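The primary structure of each chain is shown beneath.
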Amino acid sequence: MQRTLVIFKPDCVQRRLVGQILQRFEAKGLRIAALKMIQVSKELGEQHYAEHKERPFFPGLIRFITGGPVVVAVIAGPEAVAVVRGMMGKTSGIEAAPGTIRGDFSVSKQNNLIHGSDSPESAAREIALWFQPEEILDYDLAGQDWVAES
Ligand code: UDP
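Parameters and conventions
- All residue numbers refer to position in the chain's written sequence, counted from 1.
- With pLDDT at 70 or above as the cut-off, local features in this predicted model cover only qualifying residues; side-chain atom pairs require 80 or more to be listed or tallied, and sums for whole chains, interfaces and linings still use all residues.
- For two strands to be treated as a pair, DSSP must find at least two bridges joining them.
- Secondary structure elements are defined from DSSP: runs of H or I of at least 4 residues count as helices, runs of E of at least 2 residues count as strands, and each element is numbered from the N terminus.
- Fitted lines through C-alpha atoms give the axes, limited to the stretch in contact for helices. The angle between two N-to-C directions lies from 0 to 180 degrees.
- Residue pairs are scored as contacts if the distance between their C-beta atoms, which are placed from the backbone, is within 7 Å.
- To decide whether a residue is near a molecule or strand, its C-beta atom is placed from the backbone and checked for lying within 6 Å of it.
- All amino acids are sorted into three groups, where Ala, Val, Leu, Ile, Met, Phe, Trp, Tyr, Cys and Pro are nonpolar, Asp, Glu, Lys and Arg are charged, and the leftover types, Gly among them, are polar.
- Counting other C-beta atoms within 10 Å of its own, a residue is labelled buried from 20 upward, exposed at 12 or fewer, and partly exposed in the gap between, with every C-beta atom placed from the backbone.
- The arc under discussion is defined with respect to the helix axis, by the directions toward the C-beta atoms.
- UniProt positions are given in the numbering used here, feature names are shortened, and annotations may be inferred rather than shown by experiment.
- To count as a nonpolar core, a set of buried Ala, Val, Leu, Ile, Met, Phe, Trp, Tyr and Cys residues must be joined through C-beta atoms within 7 Å.

> Break down the sheet that holds strand β2 (residues 31-38) for me, with residues and values.
Strand order in the open sheet formed by four strands is β2-β3-β1-β4, with antiparallel pairing between adjacent strands. With partners counted over all chains shown, the strands left at the sheet margins are β2 and β4 (114-116), one partner each. Adjacent strand axes in the sheet meet at a mean angle of 20°, parallel and antiparallel pairs treated alike. Each of β1 (2-8) and β3 (70-77) touches helix α7 (residues 120-130); the most contacted strand, β1, lies at about 60° to it.

Below is the structure:
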């Protein structure tokens, strides 16, 4: 069981797509380990996207991610990092393949609806940034044996 951080970005909330996209993760067989809605501060946005600090799109990205509430989740399951990345599709909604979240719902490089950690190491860093340990729940799901072998 692996954990990854997913952010339903401000455009996702404003376009009322949170439920539809969260549903894809549940239907895939992944599980919600933590979920909350927050208004991202400039500090948290800058920490989260620290690796892009020098990029020309950074100021616009910080304005975007702080521009309205987000829903943030810890999603868990077998190879959750890679599975979620695959479901998201390429960064640009224009290039993302149909069938992926960005491919189906976005035509933008910036306003691409969701964030998913890009490696298990990033996931550990990002989960610690966005959640307190006690906010993340480990629980049994009825029928889990029918979803994946243990
Ligand atoms: N982004 C942008 N312009 C670009 C590239 C990225 O505004 O030219 C934004 C976009 O919202 C993206 C985020 O910056 O999701 C982080 O970029 P990254 O390359 O890490 O893409 P991701 O991992 O989200 O696909």
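What follows picks up the thread again.
> I'd like a description of the site of the ligand, backed by residues and values.
The ligand sits among Phe 57, Leu 61, Thr 91, Lys 109, Gln 110, Asn 112, His 115 and Asp 118. A per-class count over the shell around the ligand returns two nonpolar, four polar and two charged.

> Break down α7 for me, with residues and values.
When α7 is considered as a whole, its buried residues turn out to be Ala 123, Glu 126, Ile 127 and Trp 130. Each buried residue of α7 lies within a common arc of 105° when the element is viewed along its axis, so the set occupies one face. Looking at α7, the residues exposed on the side facing more than 90 degrees away from the buried face are Glu 121 and Ala 128. Considering only its buried residues, α7 is in contact with β1, α3 (42-48), β3 and α5 (80-88).

> For the environment of Ala 148, give the residues involved together with the corresponding values.
Position of Ala 148 among the secondary structure elements: in the segment after α7. In sequence terms Ala 148 and Val 40 are 108 residues apart; their C-alpha atoms lie 35 Å from each other. If near-sequence neighbours (up to four positions away) are discounted, Ala 148 is found in contact with Gly 29 and Pro 78.

> Tell me what's going on with the UniProt feature "active site" (unreviewed entry) in the chain, and back it up with residues and numbers.
Mapped onto the present numbering, the UniProt feature "active site" (unreviewed entry) falls on His 115. Tracing the chain through its elements places His 115 in strand β4. Each residue touching His 115, except ones within four places of it in the same chain, is listed here: Val 6, Ile 7 and Lys 9.

> Can you lay out the nonpolar core for me, pointing to particular residues and giving the numbers?
Grouped together as the largest cluster of nonpolar side chains are 31 residues, with contacts concentrated most on Ile 75 and Ile 114. Elements supplying a minimum of two residues to this core: β1, α2 (18-28), β2, β3, α5, α6 (101-105) and α7. Among the elements that make up this core, the one with the highest residue count is β3 (six residues). If near-sequence neighbours (up to four positions away) are discounted, Ile 75 is found in contact with Thr 4, Val 6, Phe 25, Leu 30, Ile 32, Ala 33, Ala 80 and Val 84.

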